[in-house]
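Analysis of the macromolecular model
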Amino acid sequence: MLAATVLAGLIGSSLATPFVSPWNSEELFNRAVTSSGCSSTGTASCTNSSSVSDLCCFQAPGGLLLQTQFWDTSPSTGPSNSWTIHGLWPDHCDGTFDSTCDASRAYTGLSSLLSAQGASDTLDFMNTYWKDINGDDESFWEHEWSKHGTCMSTLDVKCLPSGSPKGAEAVAFFNTVVRLFKQLPTYQWLADAGITPSSSTTHTLASLIAALKAGYGFTPALDCDGSNVSQISYYYNLKGSVIDGTFVPINAPEAGSCPSSGIKYLTKTGSPVSTTTTKTSTSTTTKTTGTSTTKTTSTTTTKTTTTTGAPTAIPTKATIHAIQSGSQVGGLLSLGTWSTQTLASYTLSGSASSLKLSSSKGTCGVSGGVFGCGNGDSSTFSAVTSGSLLLLAYEGETSFSSDDVPSGSTVYAVNTGGDSDQVYTLSVVSA
Ligand SMILES: *[C@@H]1O[C@H](CO)[C@@H](O)[C@H](O)[C@H]1NC(C)=O
Ligand SMILES: *[C@@H]1O[C@H](CO)[C@@H](O)[C@H](O)[C@H]1NC(C)=O
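The numbering scheme is per chain: residues are counted from 1 as the chain's sequence reads. Labels are handed out in written order, letters beginning with A for the chains and numbers beginning with 1 for the ligands. Reporting of local features is limited, given that this is a predicted model, to residues whose pLDDT is at least 70; pairs of side-chain atoms are given and counted only at 80 or more, and all residues count toward the totals for whole chains, interfaces and linings. Values shown for side chains rest on all heavy atoms present in the structure; no hydrogens or waters enter the calculation.

Another point: the overall build of the protein. Secondary structure follows DSSP: runs of H or I at least 4 residues long count as helices, runs of E at least 2 residues long count as strands, and numbering of each begins at the N terminus. Secondary structure summary: the protein contains seven helices and 21 strands in total. Accessible area is worked out with a 1.4 Å probe on protein chains only. A residue is then buried under 20% of its type maximum, exposed over 50%, and partly exposed in between. Taking all 431 residues of the protein together, the buried fraction comes to 44%. For the protein, restricting intrachain contacts to residue pairs at least 6 apart in sequence, the fraction spanning at least 24 positions comes to 65%. Only the protein chains shown count as cover for residues, and the accessible areas themselves come from Shrake-Rupley with a 1.4 Å probe. Accessible surface computed for the protein: about 20400 Å², of which carbon and sulfur atoms make up 51%. Pairs of residues are marked as contacts when any of their non-hydrogen atoms sit within 4.5 Å.

Below you can see the structure in the form of structure tokens.
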């Protein structure tokens, strides 16, 4: 209290105008609430078989939690290679929901609140990834907090540790939403399956959901504006409190609004975000001069910037391996068939986003859903990185399939997409 008074005095004397932010007086010295004191391993919300009384440690009635994300293209919001945050919603277990549950906690000035309570990292992240389509991010955050956050039983003021600063439960809400969103890289999950934004390519709902399920482990719900992908919802039940509980992924109880086919995942304008990893290495040098020994420790910090979605270098000569359930099973011959015999050498030209292939038989293309070379077809493919592999994709899809697995001199036709019995990806390996 003494410190706060002294600081208030300093601010008063050094600034011409009085400092009136509601969050920066006593709260300046308070930290965010990071522990609820609840167990995070008990019964998950919506899975209890009898009534639970302590709703500070059990999320109810809003026990079905949705982390919702936007893919805004008109106008575009946020980085061109990331989805953006919509919110975290506490639906009832049956899908109905409450909203705007406590008008007295419809806080404003959220940037100041987050900074004042030690959540500047969360605020920085929100400024990039939690974007309002009309450009008023603060109002959008206020709306999401007051409409949905105030309905979370585990964020009730009475659930906070005593002495918590005003607004601490809202800070906890924003910290949790950002933490969850970082675990849900929708853009990357789609890209890993060869699905990247395009103004012309169309997708089936099944192919999009399969790619997302491979990343999340469960089925999310995808919403569309007409045929254009616009939003996704990842569903959870919760063990413990929204502050620090365990979010348990579950399948979406119902599908979103996208049609079953003809879906467009349109490109965003704007710049891609890059992820920066920082490596620190320490070295120690011991120097002996006469009788004295000097020890020098130096620390080198190397910054490596990786831009996801950036152009990938492609080899000009390559063999194409078939990868099934993580293992190589042969690859492509010069006619474009799948075989376990000696693989053909392919010539690649163009870029990762617009790639042409040819073999000794001629150019390669897709006709009637079947891949082939030397039959007069020439199609445009793309290549996407997946872990350490460079995968071939056709119309945004990296799955290829055949009727059976080849062996000996038996070869099989390569169909685009995953509709035939044996599904695999095609890895481009520099030769
Ligand atoms: C689970 O607990 C909540 C909160 O007490 C209660 O409203 C709900 O009826 C319970 N569910 C079941 C199936 O008993
Ligand atoms: C879908 O995107 C196209 C642009 O490719 C646009 O012309 C159309 O209006 C969009 N549809 C809806 C319902 O927003």
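That shown, we press on.
Now for the nonpolar core. By size, the foremost hydrophobic cluster in this structure holds 59 residues, and its most contacted members are Trp83, Trp130, Phe173, Phe174 and Leu222. Top element by residues in this core is helix α5 (residues 168-182). It accounts for ten residues. Trp130 has contacts with Ile85, His86, Gly87, Phe125, Asp137, Phe140, Trp141, Glu144, Phe173, Phe174 and Val177, leaving out every residue within four places of it along the chain. The nonpolar core is taken to be a set of buried Ala, Val, Leu, Ile, Met, Phe, Trp, Tyr and Cys residues, with the residues joined through side-chain atoms within 4.5 Å. One finds Cys364, Cys373, Ala383 and Tyr424 within the second-largest nonpolar core, a separate group that totals 27 residues.

A turn of α-helix holds 3.6 residues, and therefore any two residues three or four places apart point the same way. Residue count minus one, scaled by 1.5 Å, sets the expected span of a helix. Helix length check: helix α7 (residues 205-216), at twelve residues, gives a terminal C-alpha distance of 16 Å against a target of 16 Å (1.5 Å per residue), a fit within 8%. Buried within α7 are the following residues: Leu205, Ser207, Leu208, Ile209, Ala211, Leu212 and Tyr216. Looking at the packing, one finds that the buried side of α7 touches α6 (186-192), β3 (202-203), β4 (221-225), β5 (228-239), β6 (246-250) and β7 (263-264). Two residues or fewer after α7 comes Gly217, characterised by a positive phi angle close to 95°.

Attention shifts here to unusual backbone geometry. Of note, the bond from Ala60 into Pro61 is cis; its omega dihedral lies within 30 degrees of zero at 5°. Inspection of the secondary structure puts Pro61 in the loop between α1 (2-14) and β1 (64-70). Residues other than glycine seldom take positive phi values, yet Cys46 does so here, at roughly 65°. Its place among the elements puts Cys46 in the loop between α1 and β1. Even without being a glycine, Thr100 presents a positive backbone phi close to 45°.

Now for the site of ligand 1. With respect to spatial proximity, the complete set of residues near ligand 1 consists of Asn48, Ser49, Ser50, Ser51, Val52, Leu55, Phe58 and Ala60. N or O atoms within 3.5 Å of each other form a polar contact, as long as, within protein, one can give a hydrogen and the other can take it, and as long as residues adjacent in sequence are counted only when both atoms are side-chain atoms. In this structure, Asn48 approaches ligand 1 through a side-chain N or O atom, which is 2.3 Å from an oxygen atom. The backbone of Val52 places a nitrogen or oxygen atom 2.6 Å from an oxygen atom of ligand 1. Burial of ligand 1 by the protein chains amounts to 54% of its free accessible area of 360 Å². Nearness is judged by heavy atoms alone; a residue qualifies as near a molecule or strand once a single heavy atom is within 4 Å of it.

For the rest of this paragraph, the subject is the site of ligand 2. Taken together, Asp225, Gly226, Asn228 and Leu266 make up the full set of residues near ligand 2. Here an oxygen atom of ligand 2 and a side-chain polar atom of Asn228 are 2.3 Å apart. Alone, ligand 2 offers 360 Å² of accessible surface; in the complex the protein occludes 38% of this. In terms of residue class, the shell around ligand 2 is built from one nonpolar, two polar and one charged. The classification used treats Ala, Val, Leu, Ile, Met, Phe, Trp, Tyr, Cys and Pro as nonpolar, Asp, Glu, Lys and Arg as charged, and all other residues, Gly among them, as polar.

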